[in-house]
Amino acid sequence: MEESLLKEIYMSNYGPIDKIKNTEEYDRLSDEAEKYYGKLIKVLGKEQKTWLDDLLDLETLIGAEMGFMCFRAGIRFGVRFITEAFGKENEKNNPSR
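The numbering scheme is per chain: residues are counted from 1 as the chain's sequence reads. The predicted nature of this model means local features are confined to residues of pLDDT at least 70 and side-chain atom pairs, given and counted, to a pLDDT of 80 or more, with totals for whole chains, interfaces and linings taken over all residues. Calculated side-chain values reflect all of the structure's heavy atoms, with hydrogen atoms and water omitted.

Engineer: Now, about the packing of aromatic side chains: what can you tell me, with residues and values included?
Structural biologist: What counts as a ring pair is set by centres within 6.5 Å for rings of Phe, Tyr and Trp (its six-membered ring), and what kind of pair is set by the plane angle: stacked under 30 degrees, edge-to-face over 60, tilted for all other angles. Tallied over the entire structure, the rule returns three aromatic pairs. When the centroid spacing of 6.3 Å and the interplanar angle of 20 degrees are considered together, the rings of F77 and F81 count as stacked. Of this pair, F77 and F81 are both found in helix α3 (residues 46-86), four residues apart, which corresponds to roughly one turn of the helix. A connected cluster of aromatic rings, assembled from ring pairs, spans Y10, F68 and F71. A ring is considered to have a charge above it if a Lys NZ or an Arg CZ atom is located within 6 Å of its centre and within 35 degrees of its normal. Over the aromatic face of F68 sits the side chain of K7, whose NZ or CZ is 4.7 Å from the ring centroid. Sitting over the face of the ring of Y36, K39 holds its NZ or CZ atom 5.4 Å from the ring centroid. Secondary structure is summarised from DSSP: a helix means a run of H or I of at least four residues, a strand means a run of E of at least two, and numbering begins at the N terminus for each.

What follows is the structure, encoded as structure tokens:
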């Protein structure tokens, strides 16, 4: 079990991580990055290839963490939005409910 309920939801079948569809722009950029990787890997030595792969692994983890941070920020925004829309402050301003 994850430390965070939000992270557990995000990484599970209930979260958005497996339901996000790639855009055409994402696919284009991914293809371009793959081409550059192929060119670069051909000219690097064994140790440099390892460094590059380690760097790319870290960049992938950074991107995944950024995705989670955006998910969490969206949840927080949604909760604040719902709280404001249906909270006590709204009742004071709209007594006809």
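Engineer: I'd like a description of a nonpolar patch on the surface, backed by residues and values.
Structural biologist: Taken together, F77, F81, I82 and F86 make up a surface patch of nonpolar side chains, about 480 Å² in accessible area. Within the secondary structure, I82 sits in helix α3. Residues with no salt bridge and a relative accessible area higher than 30% make up the patches, which join like charges within 9 Å and nonpolar side chains (Val, Leu, Ile, Met, Phe, Trp, Tyr) within 5 Å. In this description, accessible areas are obtained by the Shrake-Rupley approach with a 1.4 Å probe, and a residue is regarded as covered only by the protein chains that are shown. We define a salt bridge as a side-chain nitrogen of Lys or Arg found within 4 Å of a carboxyl oxygen belonging to Asp or Glu.

Engineer: Which residues make up the pattern of salt bridges, and what values go with them?
Structural biologist: In the structure shown here, the tally under the stated rule is three salt bridges. The partner of E65 in a salt bridge is K7, with the nearest N and O atoms 3.0 Å apart. A residue pair is termed long-range when its members are at least 10 positions apart, and E65 in helix α3 and K7 in helix α1 (residues 5-11) qualify at 58 residues. When salt bridges with common partners are traced through the structure, they connect E25, R28 and E32 into a single cluster.

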